[in-house]
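# Per-entry structural report
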Amino acid sequence: MKPYWLDEPREPLPSVTLDGHPDVVVVGAGVTGCSAALHLAEAGLRVRVFDAREVAGGASGRNGGFALRGMSAPFDVTAASVGEQSGRALMAWTERAIDRIEALAGNAFRRVGSLRVAVDAEERDELRAEFDALVAGGFDTEWVDSFEAPFDTRFAGAIRHVPDGVLQPARWVRRLAALAAGAGVEIREHTHVSSLDELGGATVVVCADGYPSGLLGPLEGLVIPTRGQVIATEPVPERLFETPHYGRHGFDYWHQAEDGRIVAGGFRDVSLDSEFTAEERLTEPVQAALHAFVNGLLGRELRVDYAWAGIFGMVLDFLPVVGRVPGYDNVWTAGGYSGHGNVLGFACGELVARAIVCEDDPLLPLFDPARLLNG
């Protein structure tokens, strides 16, 4: 089925045609590519974007619609990995990115917070450790100990991440693309780039996340393609999940869209080996688990009106991959968000653009693509 987010009428993009060769070519018109293109154009560069589909046609229009601060790993785990100071800097950086998304996205974004829920005592203890670390770091957070029926017996506790929100991600990325076009970026949809030789020596930024591009030389395949499957039900009249929820270490996630549909994703773990793939299709085990899950949440059978799959890039250390591709002077990349790409993709698009125009950022060394070659 067509993704729910992409089934919304789209406004045509402003028409931009660059004369001659661009300074920078961006491959991928998702959130990262459009963010990078906008920032590069605002820095005075001539930018052309290519996408084999359409704006937001890949993972940016095929996810669950969450806008979450932080990295894919919990805050305390990230801080233990990169150091307390860097962990706090990363969290603050993503919070600022959410602020910028809110300023640009209009009605494509709602700041409603998010709930990371525990389904058992063990997960509750893990959440409590993260909560304590967030409080110690001075980040806006709340501990939730009780839930209204019928969820009081389902959840053992939760962290409320106050700055978070939900997106209509395709609408948001289309607006970001329109802003880029308004800044002079040429966007060529339905145009596949198969070789760097096609691009005339321009600086290239590959923003494909988990979708194989064939353009990343020694990095190709080191950001692991991973399939995420999502469903959207018939509209439900009760407002039950205004806030996005995610639990079981991110294997379950769901919220309620503005029209009342329950949007739910995850359950890769019912068929984990088969979900590390670049094949963008639905599978019966995961779809059955998702359907059973939403029925169990509401205690009745719900019709599924939309079901879709998208590919995201998994990285074993759960940090993004942003920077120059090793062995290439003029090829850069940004991706590897490990399922956390709506905010990280926007922020990393800006980050790679800043690197290209020689604006130093202390976060860049944490995301150095060369680290994947040493793992």
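Basis of the calculations
- Every residue gets a number counted from 1 within its own chain, in the order that chain's sequence is written.
- Predicted model: local features are reported for residues with pLDDT of at least 70 only, side-chain atom pairs are reported and counted for 80 or more only, and whole-chain, interface and lining totals are derived from all residues.
- Derived side-chain values reflect all non-hydrogen atoms in the structure, with water molecules and hydrogen atoms excluded from consideration.
- The set of buried Ala, Val, Leu, Ile, Met, Phe, Trp, Tyr and Cys residues whose side-chain atoms join them within 4.5 Å is what this entry labels a nonpolar core.
- Note on exposure labels: buried denotes an accessible area under 20% of the residue type's maximum, exposed denotes more than 50%, and partly exposed covers the range between, all computed with a 1.4 Å probe on protein chains only.
- Numbered from the N terminus, helices here are DSSP runs of H or I no shorter than four residues, and strands are runs of E no shorter than two.
- Whether two residues are in contact is decided by their heavy atoms: any pair within 4.5 Å suffices.
- To estimate how far a helix should extend, the number of its residues minus one is multiplied by 1.5 Å.
- Only one rule defines a salt bridge in this text: a Lys or Arg side-chain nitrogen within 4 Å of an Asp or Glu carboxyl oxygen.
- When DSSP finds two or more bridges between two strands, those strands count as paired.
- Each patch groups residues whose relative accessible area exceeds 30% and which form no salt bridge, using 9 Å between like charges and 5 Å between nonpolar side chains of Val, Leu, Ile, Met, Phe, Trp and Tyr.
- Here the Shrake-Rupley method, with its probe set to 1.4 Å, supplies the accessible areas, and only the displayed protein chains count as covering residues.
- For the charge count, each Lys or Arg is scored as positive and each Asp or Glu as negative, with His and the chain ends excluded.
- Lysine's charge is taken at NZ, arginine's at CZ, aspartate's at CG and glutamate's at CD.
- Between the rings of Phe, Tyr and Trp (Trp by its six-membered ring), a pair exists once the centres lie within 6.5 Å; its type follows the angle of the planes, with under 30 degrees stacked, over 60 edge-to-face, and the other angles tilted.
- Think of it as a cone above the ring: NZ of Lys or CZ of Arg counts as a charge over the ring if it is within 6 Å of the ring centre and within 35 degrees of the ring normal.
- In this description, a line fitted to the C-alpha atoms serves as the axis of each element, helices being fitted only across the stretch in contact, and the angle between N-to-C directions of two axes falls anywhere from 0 to 180 degrees.
- Roughly parallel means an angle under 35 degrees; roughly antiparallel means over 145; roughly perpendicular covers 65 to 115; every other angle is labelled oblique.
- Residue polarity is assigned by list, with Asp, Glu, Lys and Arg as charged and Ala, Val, Leu, Ile, Met, Phe, Trp, Tyr, Cys and Pro as nonpolar; anything else, Gly included, falls into the polar class.

## Focus on the nonpolar core
In this structure, V26, W93 and W172 are the most contacted members of the largest nonpolar core, which totals 67 residues. It is helix α8 (residues 341-356) that provides the largest number of residues to this core, a total of ten residues. Sequence-distant contacts of V26, defined by excluding residues within four places in its chain, comprise G33, A37, L40, V47, R48, V49, F50, V205 and C207. Among the nonpolar cores identified, the runner-up in size contains 23 residues, and I231, V236, V286 and A307 belong to it.

## Points about helix α7 (residues 284-298)
Here α7 spans 21 Å end to end across 15 residues, near enough to the 21 Å set by a 1.5 Å rise per residue. Those residues of α7 lying buried are V286, Q287, A289, L290, F293, V294, N295, L297 and L298. Once α7 finishes, G299 follows within two positions and takes phi at roughly 75°, a positive value.

## What about the pattern of salt bridges?
Applying the stated rule across the entire model yields 30 salt bridges. We note a salt bridge from R53 to E280, for which the minimum N-O separation is 2.7 Å. A residue pair is termed long-range when its members are at least 10 positions apart, and R53 in the loop between β2 (47-50) and β3 (66-67) and E280 in the loop between α6 (272-275) and α7 qualify at 227 residues. The exposure class of R53 is partly exposed, given its relative accessible area of 29%. In this structure, R62 and E280 form a salt bridge, with 3.5 Å as the shortest nitrogen-oxygen distance. Residue R62 is located in the loop between β2 and β3, and its partner E280 is located in the loop between α6 and α7; the two are separated by 218 residues in the primary sequence. Owing to a relative accessible area of 26%, E280 belongs among the partly exposed residues under this scheme.

## Considerations on helix α3 (residues 84-105)
Look at α3: 31 Å from first C-alpha to last across 22 residues, which is about the 32 Å you get at 1.5 Å a residue. What α3 keeps buried is the set G87, L90, M91, W93, T94, E95, A97, I98, I101 and A105. Directly after α3, the chain includes G106, whose backbone phi takes a positive value near 60°.

## Focus on the sheet that holds strand β8 (residues 165-167)
Taken in spatial order, the three strands make up an open sheet running β3-β8-β4, and their pairing is antiparallel. Since the sheet does not close on itself, it has two edges, and those belong to β3 and β4 (109-110), each with one partner. Two elements, β4 and β8, share two bridges in a ladder whose sense is antiparallel. Counted as the bridge partner of R110 is V166 from β8.

## Focus: unusual backbone geometry
A positive phi angle is found at A56, which is not glycine, with a value near 65°. Relative to the elements of secondary structure, A56 occurs in the loop between β2 and β3. We classify A56 as buried; its relative accessible area is 1%. With a phi close to 60°, H249 is a non-glycine residue in the positive phi region.

## Side note on a negative patch on the surface
On the surface, D120, E122, D125 and E126 cluster together into a patch of negative charge. Its place among the elements puts E126 in helix α4 (residues 121-136).

## Looking at the packing of aromatic side chains
Tallied over the entire structure, the rule returns 13 aromatic pairs. Ring geometry for F155 versus W254: centroids 5.9 Å apart, planes at 25°, classification stacked. With a gap of 99 residues between them, F155 in the loop between β6 (141-144) and β7 (157-161) and W254 in strand β13 (residues 252-256) connect regions that are remote in the sequence. Here the aromatic residues F147, F155, F241, W254, F267 and F293 are joined through ring pairs into a cluster of three or more. The ring of W143 has R128 lying over it, and the distance from NZ or CZ to the ring centre is 4.8 Å. Geometry around F267 places R248 over its ring, the cationic atom sitting 5.1 Å from the centre.

## Concerning the packing of α3 against helix α5 (residues 169-182)
At their nearest, the axes of α3 and α5 sit 10 Å apart, and the two run at 80° to each other. By the criterion of interaxial angle, the relationship of α3 to α5 is roughly perpendicular. Residues I101, L104 and A105 of α3 pack against W172, R175 and L179 of α5. Classifying every residue of the contact of α3 with α5 by side-chain character gives five nonpolar, no polar and one charged.

What is shown is where atoms sit, not what they do.
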